[in-house]
Amino acid sequence: MKLPENIGQNARQELEKLLCGNKNFMNGTPTAKNMCLSTLQKLALYQEPYACVLSCSDSRVVPEIIFDCGIGELFVVRVAGIAVGPNVLESIEYAVKKLHVPLLVLLGHDDCGVMTYANEHYPEMTENFQSILKCVYPVIDHAGQLDCNNKFARKHTFWVEDYLMKNSSIINSAVTEGSLYIAKCHFDHDSGEVYLIER
């Protein structure tokens with residue numbers, strides 16, 4: 001998979017590592033070693049993750065497994081539909097400002113229940129899940145209702161990037177300065193592949 005030209009060397013190296021790990025997952029040949037107590041004990045007083053991953057809470061989307069990673073490698077923020085709000089935003093900011101990760105992966109996926117729910121109820125603001133819908137409905141407002149929820153999920157990933165850039169000076173500055181790269185990705189349930197998406 002060809003990576004974008006505007007990606008910094010550190011982010012490129014880490015993204016290549018993740019995509020290579022994903023191939024291991026797809027092939028059924030995981031190689032992650034640091035998944036035991038001894039690894040945790042070595043990291044008892046510090047952490048140095050090389051990437052932050054914002055992924056859905058969906059039980060089928062487990063970043064450490066699909067990227068063939070172990071303890072201490074990824075700073076993972078999980079929320080239904082990768083819906084962003086203050087706590088999610090600040091969690092990512094922590095990874096960027098305090099842990100100095102060079103790579104942020106926004107990971108959408110196939111068959112996302114949030115996208116299905118939003119498509120079925122738009123434009124109604126239902127009694128439940130309002131904060132999630134407020135993060136998803138703007139995509140429909142802009143693009144219209146999509147007959148494919150997987151396409152909806154991919155468009156939402158770009159909306160999340162725009163939200164982060166507009167609402168976080170920490171993330172915006174890091175991207176502008178070249179110390180952070182945001183990789184927009186999508187997880188295919190049939191193949192197990194994580195692939196980069198572009199507008």
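Structure: above.
Residues numbered from 1 in each chain as written. Predicted model: local features only at pLDDT ≥ 70, side-chain atom pairs only at ≥ 80, totals over all residues. Heavy atoms only, no water.

Draft legend 1. Quick peek at the environment of Tyr117. Here Tyr117 lies in helix α5 (residues 113-121). For Tyr117, a relative accessible area of 21% puts it in the partly exposed group. Along the chain, Tyr117 and Tyr137 lie 20 residues apart, while their C-alpha atoms are 11 Å from each other. With residues up to four places along the chain from it excluded, the contact list for Tyr117 reads Thr126, Asn128, Phe129 and Leu133. There is a polar contact of 3.1 Å between the side chain of Tyr117 and the side chain of Thr126. (Helix = DSSP H or I, 4+ residues; strand = E, 2+ residues; numbered from the N terminus. Buried < 20%, exposed > 50% of the residue type's maximum accessible area, 1.4 Å probe, protein only. Contact = heavy atoms within 4.5 Å. Polar contact = N/O pair within 3.5 Å; in protein donor to acceptor, adjacent residues only side chain to side chain.)

Draft legend 2. Structural view of the packing of α5 against helix α7 (residues 149-167). Running from N to C, α5 and α7 cross one another at 105 degrees; their axes reach a closest spacing of 9 Å. Relative to α7, the element α5 is oriented roughly perpendicular. Taken together, the residues of α7 that come into contact with α5 (itself represented by Met115, Thr116, Ala118 and Asn119) are Asn149, Phe152, Ala153 and His156. Class assignment of the residues belonging to the contact of α5 with α7 gives a composition of 4 nonpolar, 4 polar and no charged. (Axes fitted to C-alpha atoms, helices over the stretch in contact; angles between N-to-C directions. Parallel < 35°, antiparallel > 145°, perpendicular 65-115°, else oblique. Nonpolar A, V, L, I, M, F, W, Y, C, P; charged D, E, K, R; others polar.)

Draft legend 3. Quick peek at the side chain of Asn24. Summarising the element assignment, Asn24 is placed in helix α1 (residues 9-27). The buried category is assigned to Asn24, whose relative accessible area is 17%. Filtering out sequence-adjacent residues up to four positions away, Asn24 remains in contact with Thr29, Pro30, Thr31 and Asp68.

Draft legend 4. Geometry of the sheet that holds strand β1 (residues 51-55). Spatially, the 5 strands line up as an open sheet ordered β2-β1-β3-β4-β5, and their pairing is mixed. On the outer flanks of this sheet lie β2 (74-78) and β5 (194-196), each paired with one strand and no other. Between one strand axis and the next, the sheet turns through 30 degrees on average, direction left out of account. Where strand β4 (residues 181-187) lies against β5, 3 bridges are found, and the strand directions are antiparallel. Within the sheet, the bridge partner assigned to Phe187 lies in β5 and is Val194. Contacts from α1 reach β1, β2, β3 (103-109), β4 and β5, with the element oriented near 35 degrees to β3. Most of the contacts of helix α4 (residues 86-97) go to β2, to which it runs at about 175 degrees, and overall it touches β1, β2 and β3. (Pairing = 2+ DSSP bridges.)

Draft legend 5. Highlighting the pattern of salt bridges. Inspection of the entire model under this criterion finds 6 salt bridges. Here Asp58 makes a salt bridge to Arg60, at a shortest N to O gap of 2.7 Å. Asp111 is paired through a salt bridge with Arg60; the nearest N and O atoms lie 2.9 Å apart. One end of the pair, Asp111, is in the loop between β3 and α5; the other, Arg60, is in the loop between β1 and α3 (63-66), with 51 residues separating them in the sequence. Using a relative accessible area of 46% as the deciding quantity, one classes Asp111 as partly exposed. A single network of salt bridges, built from pairs that share partners, joins Glu161, Asp162, Lys184 and Arg199. (Salt bridge = Lys/Arg side-chain N within 4 Å of Asp/Glu carboxyl O.)

Draft legend 6. Layout of the nonpolar core. In this structure, Leu18 and Leu107 are the most contacted members of the largest nonpolar core, which totals 23 residues. Contributions of two or more residues to this core are made by α1, β1, β3, β4 and β5. Discounting residues that sit within four places of it in the chain, Leu18 has contacts with Tyr50, Ala51, Phe67, Cys69, Leu74, Leu103 and Val105. (Core = buried A, V, L, I, M, F, W, Y, C linked by side-chain atoms within 4.5 Å.)

Draft legend 7. The packing of aromatic side chains, seen in detail. Applying the stated criterion across every chain yields a total of 5 aromatic pairs. Their ring planes at 35 degrees and their centres at 6.1 Å tell us that Phe75 and Tyr94 sit as a pair that is tilted. Of this pair, Phe75 sits in strand β2 while Tyr94 sits in helix α4, and the two are 19 residues apart along the sequence. A relative accessible area of 17% places Phe75 in the buried class. The exposure class of Tyr94 is partly exposed, given its relative accessible area of 40%. Both rings, one in Tyr122 and one in Tyr137, keep their centres 5.1 Å apart while their planes meet at 85 degrees; by these two values the pair is edge-to-face. With Tyr122 in the loop between α5 and α6 (130-143) and Tyr137 in helix α6, this residue pair connects regions lying 15 residues apart in the sequence. Just above the ring of Tyr50 sits the side chain of Lys17; from NZ or CZ to the centre is 4.0 Å. (Phe/Tyr/Trp six-rings, centres within 6.5 Å; stacked < 30°, edge-to-face > 60°. Lys NZ or Arg CZ within 6 Å of the ring centre and 35° of its normal.)

Such coordinate-based values are descriptive only and should not be taken to indicate function.
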